[in-house]
Amino acid sequence: MKIRLATLDDRPKLQSFLTDRWGSTVLIINGEEVDALECEALVAGDFSAVITFRIEGDSAEIVSFNAVPPLAGLGSNLLNAFIDLMRQRQINTVNVTTTNDNVNALRFYQRRGFRLSVLRPGAVDAARRLKPSIPKEGRHKIALRDELVMSLPLTDPLYA
């Protein structure tokens with residue numbers, strides 16, 4: 001499957017993809033409104049999987065990540081390509097924020113070497129004031145309250 005950086009021509013498809021999965025292109029991360037449509041994006045196939053990301057200094061942050069259908073290997077392939085791209089850009093750390101209810105993401109990232117690095121208690125409760133459409137209950141009927149940051153150090157020899 002071909003994996004490539006999104007171009008300006010991809011914006012309509014990217015907007016539709018993000019809105020279908022997130023309800024909007026705007027996500028709240030650590031109290032900040034982040035428009036994933038304004039981020040760089042890595043696309044697999046004909047939008048079978050997408051990672052949006054931003055870079056600050058020597059760190060990259062995954063803003064959104066979706067694969068359709070899930071559990072088919074698309075996400076793993078895209079994440080590997082993303083990590084290769086970050087290494088080419090000499091990025092030292094990749095971070096991703098998820099929520100306390102997202103046990104699938106916690107499993108996915110930990111199986112690929114990411115480690116829990118930050119807990120933001122009540123961050124989702126605060127985000128709900130900015131984006132009232134965020135539900136109070138998340139996956140598996142778990143109260144949706146906190147953000148968890150997971151980090152992958154790309155310079156650690158264990159992850160090379």
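What you see is a predicted model, and the numbers here were worked out from it, not measured in a lab. (Residues numbered from 1 in each chain as written. Predicted model: local features only at pLDDT ≥ 70, side-chain atom pairs only at ≥ 80, totals over all residues. Heavy atoms only, no water.)

J.: When you look at the overall build of the chain in this model, what are you seeing that I'm missing?
T.: Scanning the chain from terminus to terminus reveals four helices and nine strands. N-terminal to C-terminal, the α/β element order of the chain is β-α-β-β-β-β-β-α-β-α-β-α-β. With respect to the principal axes defined by its C-alpha atoms, the chain has extents near 40 × 40 × 30 Å. Residue burial in the chain is summarised as follows: out of 160 residues, 44% are buried. Across the chain, contacts joining residues at least 24 apart in sequence account for 66% of those joining residues at least 6 apart. Accessible area for the chain stands at about 8,800 Å²; split by element, carbon and sulfur atoms hold 50% of it. Taken together, the 20 basic and 19 acidic charged side chains of the chain have centroids lying 6 Å from each other. (Helix = DSSP H or I, 4+ residues; strand = E, 2+ residues; numbered from the N terminus. Buried < 20%, exposed > 50% of the residue type's maximum accessible area, 1.4 Å probe, protein only. Contact = heavy atoms within 4.5 Å. Areas by Shrake-Rupley, 256 points an atom, 1.4 Å probe, with all protein chains shown as cover. Lys, Arg positive; Asp, Glu negative; His and termini not counted. Charge placed at Lys NZ, Arg CZ, Asp CG, Glu CD.)

J.: What exactly am I supposed to notice about the pattern of salt bridges here?
T.: Once the charged atoms of two side chains with opposite charge are near each other, the side chains can pair. Per the stated rule, a full pass over the model turns up nine salt bridges. For Arg-4, the salt bridge identified is with Asp-10, shortest N-O distance 2.6 Å. The shortest N-O distance in the salt bridge between Asp-125 and Arg-128 comes to 3.0 Å. In this pair, Asp-125 and Arg-128 are both assigned in helix α4 (residues 123-130), three residues apart and thus about one turn of the helix distant. Connected via shared salt-bridge partners are Glu-32, Arg-54 and Glu-61. (Salt bridge = Lys/Arg side-chain N within 4 Å of Asp/Glu carboxyl O.)

J.: Would you mind showing me how to read the side chain of Asn-102 here?
T.: Here Asn-102 shows up in the loop between β7 (93-99) and α3 (103-111). Separated by 3.0 Å, the side chain of Asn-102 and the backbone nitrogen of Ala-105 make a polar contact. (Polar contact = N/O pair within 3.5 Å; in protein donor to acceptor, adjacent residues only side chain to side chain.)

J.: Looking at this structure, how should I read the environment of Phe-108?
T.: If you trace the backbone, Phe-108 turns up in helix α3. Other than its neighbours up to four places away in sequence, Phe-108 contacts Phe-65, Gly-75, Ser-76 and Leu-79.

J.: Please explain the sheet that holds strand β5 (residues 49-56) as it appears in this structure.
T.: The strands that make up a sheet are held in pairs by hydrogen bonds between backbone atoms, and each pair lies either parallel or antiparallel. Spatially, seven strands are ordered β1-β4-β5-β6-β7-β9-β8 in an open sheet, and the strand pairing comes out mixed. Strands at the two margins of the open sheet, each flanked by one partner only, are β1 (3-5) and β8 (115-120). Pairs of neighbouring strands in the sheet enclose a mean axial angle of 25°, with direction left out of account. Sheet topology note: the β1/strand β4 (residues 40-44) ladder contains three bridges and is antiparallel. Its bridge partner lying in β4, Arg-4 is registered against Val-43. Sitting on the sheet, helix α2 (residues 74-88) is in contact with β1, β4, β5, β6 (59-67), β7 and β9 (147-153), with an inclination near 25° to β5. (Pairing = 2+ DSSP bridges. Axes fitted to C-alpha atoms, helices over the stretch in contact; angles between N-to-C directions.)

J.: How do you make sense of α3 when you look at a structure like this?
T.: Helical geometry: 3.6 residues make up each α-helical turn, so side chains three or four residues apart lie on a common side. Ala-105, Leu-106, Phe-108 and Tyr-109 are the residues of α3 that are buried. The buried residues of α3 occupy an angular sector of 165° when the element is viewed end-on, so they sit on one face. Of the residues one or two after α3, Gly-113 is the one with positive phi, at around 95°. (Arc of directions from axis to C-beta.)

J.: What is the right way to look at α4 in this model?
T.: For α4, every residue scored as buried is listed here: Ala-123, Val-124, Ala-127 and Arg-128. One face of α4 carries all of its buried residues, which in axial projection span an arc of 145°. On its buried face, α4 is in contact with β2 (26-29), β7, β8 and β9.

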